[in-house]
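Breakdown of the fold
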Amino acid sequence: RAPVGNGTDLRSPAMTSTSAVPVDPTAPVRARDVTIAYGDHLAVCDATFTVPAGRTTAVIGPNGSGKTSLLRAISGLEPIDHGELEVLGGRPGRRREAVAHVMQTTKVNDAVPLTVREVVAMGRYARRGAFGRLRHDDHEAIDVAMARLGVADVASRHLRELSGGQRQRVYVAQGLAQGAELLLLDEPVTGLDIPSQERIATAMAEEVATGRTVVFTTHDLEAAAESDHVLLLATHLVASGAPDEVLTTEHLADAYGGGVVET
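Residues numbered from 1 in each chain as written. Predicted model: local features only at pLDDT ≥ 70, side-chain atom pairs only at ≥ 80, totals over all residues. Heavy atoms only, no water.

**Side note on the overall build of the chain**
For the chain, the count of helices and strands is nine helices and nine strands. Sorting the 263 residues of the chain into buried and exposed places 48% on the buried side. Within the chain, counting contacts between residues at least 6 apart in sequence, those at least 24 apart form 67% of the total. Within the structure as shown, the chain displays about 12,500 Å² of accessible surface, and the carbon and sulfur contribution to it stands at 50%. (Helix = DSSP H or I, 4+ residues; strand = E, 2+ residues; numbered from the N terminus. Buried < 20%, exposed > 50% of the residue type's maximum accessible area, 1.4 Å probe, protein only. Contact = heavy atoms within 4.5 Å. Areas by Shrake-Rupley, 256 points an atom, 1.4 Å probe, with all protein chains shown as cover.)

**Describing the pattern of salt bridges**
Under the counting rule described, the total for this entry stands at 12 salt bridges. In this structure, Glu181 engages Arg95 in a salt bridge whose closest nitrogen and oxygen atoms are separated by 2.5 Å. Of this pair, Glu181 sits in the loop between helix H5 (164–177) and strand S6 (182–186) while Arg95 sits in the loop between strand S4 (82–87) and strand S5 (99–102), placing them 86 residues apart in sequence. Between Glu207 and Arg148 there is a salt bridge whose closest N-O contact spans 3.0 Å. On the criterion of sequence distance, the pair formed by Glu207 in helix H6 (residues 194–209) and Arg148 in helix H4 (residues 136–148) is long-range, its members being 59 residues apart. Its relative accessible area of 23% is what places Arg148 among the partly exposed residues. A single salt-bridge network, built from bridges that share partners, covers Arg148, Glu206, Glu207 and Arg212. (Salt bridge = Lys/Arg side-chain N within 4 Å of Asp/Glu carboxyl O.)

**Notes on H4**
In an α-helix there are 3.6 residues to a turn, and that puts residues three or four apart on one side. With 13 residues, H4 should reach 18 Å at 1.5 Å per residue; the first-to-last C-alpha distance of 18 Å fits that figure. Taken as a whole, H4 has its buried residues at Asp138, Ile142, Ala145 and Met146. Along the axis of H4, the buried positions cluster into a sector of 95°, meaning they face one direction only. Taken together, the buried residues of H4 touch helix H2 (116–121), helix H3 (125–128) and H5. One or two positions beyond H4, positive phi appears at Gly150, with a value near 70°. (Expected span 1.5 Å × (residues − 1). Arc of directions from axis to C-beta.)

**Some remarks on the side chain of Ser75**
Note on placement: Ser75 falls in helix H1 (residues 67–75). Given the relative accessible area of 8%, Ser75 is considered buried.

**Considerations on the nonpolar core**
Soluble globular proteins tend to pack their nonpolar side chains together in the buried interior. Grouped together as the largest cluster of nonpolar side chains are 46 residues, with contacts concentrated most on Val116 and Val120. Tallying contributions element by element places H5 first for this core, with six residues. If near-sequence neighbours (up to four positions away) are discounted, Val116 is found in contact with Met146, Val151, Val154, Ala155, Arg157, Leu159, Leu162 and Val170. Core analysis: the next-biggest nonpolar cluster, separate from the first, contains 26 residues, Val44, Ile74, Val99 and Leu184 among them. (Core = buried A, V, L, I, M, F, W, Y, C linked by side-chain atoms within 4.5 Å.)

**What about the environment of Gln168?**
Tracing the chain through its elements places Gln168 in helix H5. In this structure, the C-alpha to C-alpha distance between Gln168 and Met103, residues 65 residues apart in sequence, is 9.7 Å. When neighbours within four sequence positions are excluded, Gln168 is seen to be in contact with Val102, Glu187, Pro188, Leu192 and Ile200. A polar contact is formed between the side chain of Gln168 and the backbone oxygen of Pro188, at a distance of 3.3 Å. (Polar contact = N/O pair within 3.5 Å; in protein donor to acceptor, adjacent residues only side chain to side chain.)

Spelled out as C-alpha cells, the structure:
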C-alpha cells in the first residue's frame, strides 16, 4: 500500500494553518491525523500529537492499542495510511542514523555465531553501513554502551548463553551505541529482572540528560507517571501531555474500558 502523507513537507506555507500538525519547531516527532492500518484492522486512528525534545515520552495503553505500530511508523518501518508524520524535520526513515529503534521482539538466530560485542556493534551500521570499516570512535561508542548496560564482561559470549535480562540489555546497548538523537524502545523492561530494569531505566535517564529524546512503550502506569510526557492510546489517542494530565481516572477508563488497570 502507498504511504499516504509520508512524503508531505510539513514545513511548507500550506501547512501553517490551524489544521496543520501541532506547532512546536523543536519537537522531534509531529503527527497529525495519523492512521495506520493492516488490511481492515486499524492499529492507530487519527492520532495528532507531538513528542517534546530532550524528554522521555511514555506510550501507554492496553494490548492492541497501537503502541508498537506507532513506534514502527516513527522509525520508518511502517508506512502510515493517512495523515502526516514528521520525524526530525522530514519524513520517517529519512535520517536512519539519527533514530535508534530497539524492538521488543528483537532476536538473533542462535545458529549464527554472533558475540555480544558484534551485536552491539550493529548499532554503528546506520552510520557506517553493514560492510563499512569501524573507526576508533565506533569502537569507543560500543565499549561505552556495553559498560553502561553492564554487559562488557560478557562481550565475547554468544547471546544464547545469556539470560533474558542480559539479552535485552545487549539490545538496548546496541541502540545506545548508535548515538541517535531519538531513541525508541518497545517495552524495554517488560518481564525483566530488577537489575536489568534498573540498568535500562538509568540508561534512558542518561540519554535525556545529554539532550536526546527517548520514547518508550509500556504497560506500567508507574513508569508512565515518572516520565516527562505521556501518550495514552486505545487505537485512537485518548490524551497526551504531562502525566498528571493524562493518567486520570476518566482517561484510563476511556482507554481500558473501565476494566482493571494493572500497575
